[in-house]
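Spelled out, the chains give:
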Amino acid sequence: MSKKRYEEVADAVAGRIRQGMYAVGERIPGTRDLVEHFSVSVSTIMAAQRLLERQGWVEARPRSGYYVRRRNQNGLAELEAALPKVTGFEGAPTLVDTQQTIMSLVQATQSPKGMNFAMAAPATQFLPAAAMEKAFRAALRGPSEEIEAYSFPPGALRLREAITQRMKDAWCDLEPDDILITNGCHEALTLALRAVTQPGDVVAVESPTYFGLLQVIDALGLKALEIPADPKSGLSLEALQLALEQWPVKACVAMPNFSNPLGCLMPDERKEQLVRLLEIRGVPLIENDIYGELGFSGLRPRAAKSYDRAGGVLYCSSFSKSIAPGLRVGWMAPGRWRTRVGYLKFASTLACPSLPQMAVAHYLAQADFDRHLRRMRHEFAVHVERMTTAVLRHFPTGVRVSQPAGGFVLWVELEEDCDTVALYRKALAAGVSIAPGTLFSGDGDKYRHCLRLNCAAPWTAEAEDAIRQLGVWLRAG
C-alpha cells in the first residue's frame, strides 16, 4: 500500500532529525514553511506534525511550535544499564505495616518550609491557578441550584459529560451514566475495592506500588499479593498468571499508564492480555489511570478499560495531578459494579462538593486545558531529566534510576546495603523530605535500598543542593 502524502512528509522530517539536521530541543520549521517546502496543504502538514508527535520525534509547545524531542539521555546502552532491577515473585499475600511512617511523611510535607521530594503532588507553578480562578467565578455565576444543592451520586452531569469526551482519547466509549464522581482517585480506589472484596481477601498489586493503595488495602482488612513490575513494561503478566493459579485472588489493582513509582508504560498488547487474563478467571481489574494524560510523548495512551468487553474493569482517575490536588475531584467508571459503587459512595460520604465539580466542568469546556496539558507534559519531562542528571551526578556509583515515560516521579535504586529509612529520618531533620522505598511494599523491609523522588518541585539551586546533600549522607553510610 502506497503511503499517504502526510506520511511521506513525516518520514522526510524524521529523516532530517535522524541525520542531525534538527538537534534535540531545536524547533523544526513552522507550518507555513513546511507547506511551501513540500507544496502541500496546511491540513497535510498538520497531520504530518501529529504523526511525528505520536512517533515520539517531536513535542508540541504551547504557542511556539514543534521541537525535536530527546529520545535518550546518555545513549541507549547506558540508560538500559541504569534501570532498576526487577524483583522476584515471592508468592505470599502479606498484611501492610507502614502506617506510622506514612503519617509522619504526610504531616512533614504540610510544612511550608523545606524541600519536598516526598509526596507525588505538583508544585503550584505547574498548575493552572489563574484559569481555575476564572472557572470558579464562572461556576458561581451559573444557576444557584448547581452549586447549592447536594450533588448525589453519580455526580454533576455536566462534569460527567466532559469526562466522557476526554475518555475518548483513551479509546474508551463511555456514557455519562457510566461515570461516578468521587473525592479524588483515592476514594475511587477505595470504593472499587469495597465493591469487589470482603475483609480477608487477597488483592494482587504491582511491586513496587503506590503506598496510598497499600493503606487502603490495610484499612479494609485485605491482604496484598505483590506481583513484580518491570521498570519499562510494568506488571509482569507471567508472574500474575502464576499467582492466580496459586492464590484465591479477588481483585487486581494496576497502573498500566505511567505507574507510580516506576513511571513505566505497559504496551497496548499487554494491556489487552491483562484484561483477558483476568476476564477469563472472573477477577476484577481496578485500573488506576491518574497519570494517563501526562505522557512525555504527548500521545495519550490507551486505557486498559478500552479492552473491557464484560464490564470487569473498574477505571479510576482524577484531576489531582493535572489541575489541583486540593480540589479532590476524581471519577471512576465501575463497569458492572456501577449500582453497588453508587450505593457505597452515598452511604459513605453522601455526595461530592458541588462547586469544585462545576468549576472543573467549566475549565474542561475551554481549549486552555489541552494547552495546559501540553505545557505540563513538557515541564515534567524537563524536571524528570534534571532530577535524573542530579542523582547520577551526586549519588554513589552503582545507582540505578527509572526512565519514566510520563508523570513526574523518579524511582532510585541504590546498593543493597543502603538504608533509605535512615536517610529519610536524617533528611527530614534537615528539612528535606523523601519517600523511602519501604513504603511501596506491604513488607516493612522490602525496597529499603530504594527511594522515590517527586520531580514536580521548583528546580532551584537549593533543590540541587538538597540532592547533593542526600548523596553526601549516602556515601557516609
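For the structure, see preceding data.
Anyway, here's the lowdown on the structure attached to this text. All values derive from a computational prediction rather than experimental measurement. (Residues numbered from 1 in each chain as written. Predicted model: local features only at pLDDT ≥ 70, side-chain atom pairs only at ≥ 80, totals over all residues. Heavy atoms only, no water.)

Considering the environment of Val341
Looking at where Val341 falls in the secondary structure, it is placed in helix H13 (residues 338-349). Sequence-wise, Val341 and Ala435 are 94 residues apart; in three dimensions their C-alpha atoms are separated by 32 Å. (Helix = DSSP H or I, 4+ residues; strand = E, 2+ residues; numbered from the N terminus.)

Overview of the pairing of strand E6 (residues 223-230)
Across the eight residues of E6, six count as buried, placing the element largely inside the fold. Pairing of strand E5 (residues 202-207) with E6, which is carried by six bridges, proceeds in the parallel orientation. Its bridge partner being in E6, Val203 is matched across the sheet by Ala224. Where E6 hands over to strand E7 (residues 234-235), the hairpin turn is made up of three residues, counted between the paired strands. (Buried < 20%, exposed > 50% of the residue type's maximum accessible area, 1.4 Å probe, protein only. Pairing = 2+ DSSP bridges.)

Describing the state of the cysteines
Under the definition given, this model contains zero disulfides. A disulfide-free cysteine, Cys185 has its sulfur positioned 5.5 Å from the sulfur of Cys316, the nearest such atom. No disulfide involves Cys455; its sulfur sits 15 Å from the nearest other cysteine sulfur, which is in Cys264. Since its relative accessible area comes to 3%, Cys455 is described here as buried. (Disulfide = S-S within 2.5 Å.)

Side note on empty space enclosed by the protein
In this structure the tally under the stated criterion is three cavities of 30 Å³ or more. Size it by volume and the largest cavity reaches roughly 140 Å³. If you go around the largest cavity, you meet 17 residues; those closest to its centre are Glu293, Arg300, Ser317, Ser318 and Trp331. Elements represented by at least two residues in the lining of the largest cavity include exactly helix H8 (157-167) and strand E10 (313-318). Looking at the lining of the largest cavity, its residues break down into eight nonpolar, four polar and five charged. (1 Å grid on protein atoms, 1.4 Å probe; cavity = no way out; pocket = protein on both sides within 12 Å on 5 of 7 lines; lining within 4 Å. Points joined across faces, edges and corners; volume = space filled by probe spheres on them. Nonpolar A, V, L, I, M, F, W, Y, C, P; charged D, E, K, R; others polar.)

Some remarks on a nonpolar patch on the surface
A surface patch of nonpolar side chains, about 350 Å² in accessible area, is lined by Tyr150, Phe152 and Phe346. Structurally, the position occupied by Tyr150 is in the loop between helix H7 (144-148) and H8. Tyr150 sits in the exposed class, given a relative accessible area of 59%. (Patch = residues over 30% accessible without salt bridge, like charges linked within 9 Å, V, L, I, M, F, W, Y side chains within 5 Å. Areas by Shrake-Rupley, 256 points an atom, 1.4 Å probe, with all protein chains shown as cover. Salt bridge = Lys/Arg side-chain N within 4 Å of Asp/Glu carboxyl O.)

What about the sheet that holds strand E13 (residues 409-413)?
Strand order across the open sheet formed by four strands is E12-E13-E16-E15, with antiparallel pairing between neighbours. Only two strands of the sheet have a single partner each, and these edge strands are strand E12 (400-401) and strand E15 (435-436). The sheet contact formed by E12 and E13 spans two bridges and is antiparallel. Paired with Arg400 across the two strands is Glu413, which belongs to E13.

Remarks on the packing of helix H15 (residues 368-394) against helix H17 (residues 461-476)
Remark: H15 packs on H17, axes separated minimally by 9 Å, with the N-to-C direction vectors making an angle of 35 degrees. Helix-helix and strand crossings are classified by hand; for H15 and H17 the assignment is right-handed. Between H15 and H17, the contacting residues are Met387, Ala390, Val391, Arg393 and His394 on the first element and Glu464, Ile467, Arg468, Gly471 and Arg475 on the second. Here the residues of the contact of H15 with H17 sort into four nonpolar, two polar and four charged. (Axes fitted to C-alpha atoms, helices over the stretch in contact; angles between N-to-C directions. Left-handed = near helix turned anticlockwise from the far one by under 90°. Contact = heavy atoms within 4.5 Å.)

A word on the side chain of Gln49
Take Gln49: it is sitting in helix H3 (residues 42-54). With a relative accessible area of 6%, Gln49 lands in the buried category. A distance of 3.1 Å separates polar atoms of two side chains, one belonging to Gln49 and the other to Thr31. With near-sequence residues (within four places) excluded, Gln49 lies in contact with Thr31, Leu34, Val58 and Tyr66. (Polar contact = N/O pair within 3.5 Å; in protein donor to acceptor, adjacent residues only side chain to side chain.)

Points about unusual backbone geometry
A cis amide bond, omega 15 degrees, links Pro153 with the succeeding residue Pro154. Within the secondary structure, Pro154 is located in the loop between H7 and H8. Positive phi values are uncommon outside glycine, yet Trp171 reaches one of about 70 degrees. In this structure, Trp171 sits in the loop between H8 and strand E4 (180-182). Overall, Trp171 belongs to the exposed group, its relative accessible area being 54%. Residues other than glycine seldom take positive phi values, yet Tyr447 does so here, at roughly 65 degrees. For Tyr447, the position within the fold is in the loop between E15 and strand E16 (450-454). What makes Tyr447 buried here is its relative accessible area of 6%.

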